[in-house]
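Each chain, letter by letter, is given below.
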Amino acid sequence: MLILGIESTCDETSCAVVKDGKYILSNIISSQIEDHRDYGGVVPELASRLHVENIFDTCYRAIKDAGIDIKDIDAIAVSYGPGLTSSISVGISFAEGLSLALNKPIFFINHIKAHLYAAIMNKENIKFPLIGVIISGAHSCMVLMRDHTTFELMGEAIDDAVGESFDKVAAMLHLPYPGGPEVEKRAKNGENVYSYTKCKAPQGKFYFSNSGLKTQVLYTIKKIKRGITESEKNNICRSFQDTIFEDLGDKIKEASNVTKIKTFIFGGGVICNTSMQKYLKDRFPSYSLIFSDKILCTDNAGMIAGFAYYSQDKEGVKRPTPRIPWH
Ligand code: KG4
Ligand code: ZN
């Protein structure tokens, strides 16, 4: 089954062709990072306008690179949320137009569930149940997965998502956007001298709370009255990042103790952080930790078309949905 995937929930316009949920024939990603950089974050109105400009060419290239004719596709899959409503509308409108013109069904896909599927879409012998961990720019959560499409929420972010806290710490240090890769780079040259406290969410052990950690970073910067030095910046990045890693590691350990599951899959942009992957592999040598490939970590339509093969029309027809509860 050939599925054309369309992704436009935030600042990437992406189209992909995937066969049978696994074989990626093309995955074109048109990133808007450069367009938003001067603003220090994604500007929704600008994002949706750029999706309008880019979506036709991105789709055209995805079909061409896949070496197929557009009439060969069996279905169209489009993410309906969570994300920016005006951006998602562009993807959905384009998908609906194609669906009418080609007389093909549309599958409406939950972007977050697709992020989790990205970790396993090109891997063999995946055994359920397992625990899925999403750490992206806008979302952080842990879910128990009994199969490809059965999810039970264990915990999620009650304030800043993990990627968002990386971006905000970077902004406080006047590092370029997106902040995650910059913080990781600086942390490599720093020491954990500030020993920040891990923040606990009252909702439970698997819930993420990073706003307190962010505030600790802010007070470190405020206490330095003269201009902050490069080595102080590096030390802040290292101290912040170590705290995030330890918190995630503690959650993984506790989740495994409670569920007796030792297989974890990871999706979302922060998974690009190779220091984090190393930390987790070193801390849990006997666990099976499965990370999304770099190209599938950040927003892309490959994961949308891939997950659509399993979820098909389970989500039903949806309008752009900025927030989607797990239950
Ligand atoms: O998954 P994604 O594209 O965003 C959402 O769908 O929400 O991920 C983007 C996020 C940004 O917050 C970015 O700073 C973070 O992923 N990120 C990283 C790294 N690379 C990207 N965070 C930490 N370390 C990295 N190397
Ligand atoms: Zn995403």
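On a predicted model such as this, the values are computed, not experimentally measured, just so you know.

Trainee: Would you explain the nonpolar core in this entry?
Mentor: Across soluble globular proteins, nonpolar side chains show a tendency to be buried alongside one another. Met142, Ile252, Phe264, Phe266 and Leu280 are the most contacted members of the largest nonpolar core, which totals 41 residues. Here this core takes eight residues from helix H8 (residues 230-259), the largest share from any one element. Once residues within four sequence positions are removed from consideration, Leu280 is found in contact with Leu248, Gly249, Ile252, Phe266, Leu289 and Phe291. Core analysis: the next-biggest nonpolar cluster, separate from the first, contains 29 residues, Ala77, Phe107, Ala114 and Leu130 among them.

Trainee: Is there a simple way to explain the sheet that holds strand E4 (residues 75-81) in this structure?
Mentor: Strand pairing in a sheet relies on backbone hydrogen bonds. The paired strands run either parallel or antiparallel. The strand order across the open sheet formed by five strands is E3-E2-E1-E4-E5, and the pairing between neighbours is mixed. Taken across any chain shown, the strands that pair with only one partner, and hence form the sheet edges, are strand E3 (23-31) and strand E5 (106-110). In this sheet, adjacent strand axes meet at a mean angle of 20° when their direction is disregarded. Direction of pairing for strand E1 (residues 2-7) relative to E4: parallel, over a ladder of four bridges. Residue pairing in the sheet places Leu4 in a bridge with Ile76 of E4. Taken strand by strand, helix H2 (residues 44-66) contacts E1, strand E2 (12-19) and E3, and its axis lies near 25° from that of E2. The sheet contacts of helix H4 (residues 111-120) involve E1, E4 and E5, and relative to E5 the element is tilted by about 80°.

Trainee: Help me understand the site of ligand 1 in this model?
Mentor: Close contacts around ligand 1 come from 20 residues, with Ala138, Asp167, Glu184, Gly269 and Asp299 the closest. For ligand 1, an oxygen atom lies 3.1 Å from a polar atom in the backbone of Gly137. One nitrogen or oxygen atom from the side chain of Asn273 is found 3.0 Å from a nitrogen atom belonging to ligand 1. Contact with the protein chains covers 90% of the free accessible surface of ligand 1, which is 560 Å². The residue inventory of the shell around ligand 1, partitioned by class, reads seven nonpolar, ten polar and three charged.

The rules behind the values
Residues numbered from 1 in each chain as written. Chains lettered and ligands numbered in written order. Predicted model: local features only at pLDDT ≥ 70, side-chain atom pairs only at ≥ 80, totals over all residues. Heavy atoms only, no water. Core = buried A, V, L, I, M, F, W, Y, C linked by side-chain atoms within 4.5 Å. Buried < 20%, exposed > 50% of the residue type's maximum accessible area, 1.4 Å probe, protein only. Helix = DSSP H or I, 4+ residues; strand = E, 2+ residues; numbered from the N terminus. Contact = heavy atoms within 4.5 Å. Pairing = 2+ DSSP bridges. Axes fitted to C-alpha atoms, helices over the stretch in contact; angles between N-to-C directions. Near = heavy atom within 4 Å. Polar contact = N/O pair within 3.5 Å; in protein donor to acceptor, adjacent residues only side chain to side chain. Areas by Shrake-Rupley, 256 points an atom, 1.4 Å probe, with all protein chains shown as cover. Nonpolar A, V, L, I, M, F, W, Y, C, P; charged D, E, K, R; others polar.

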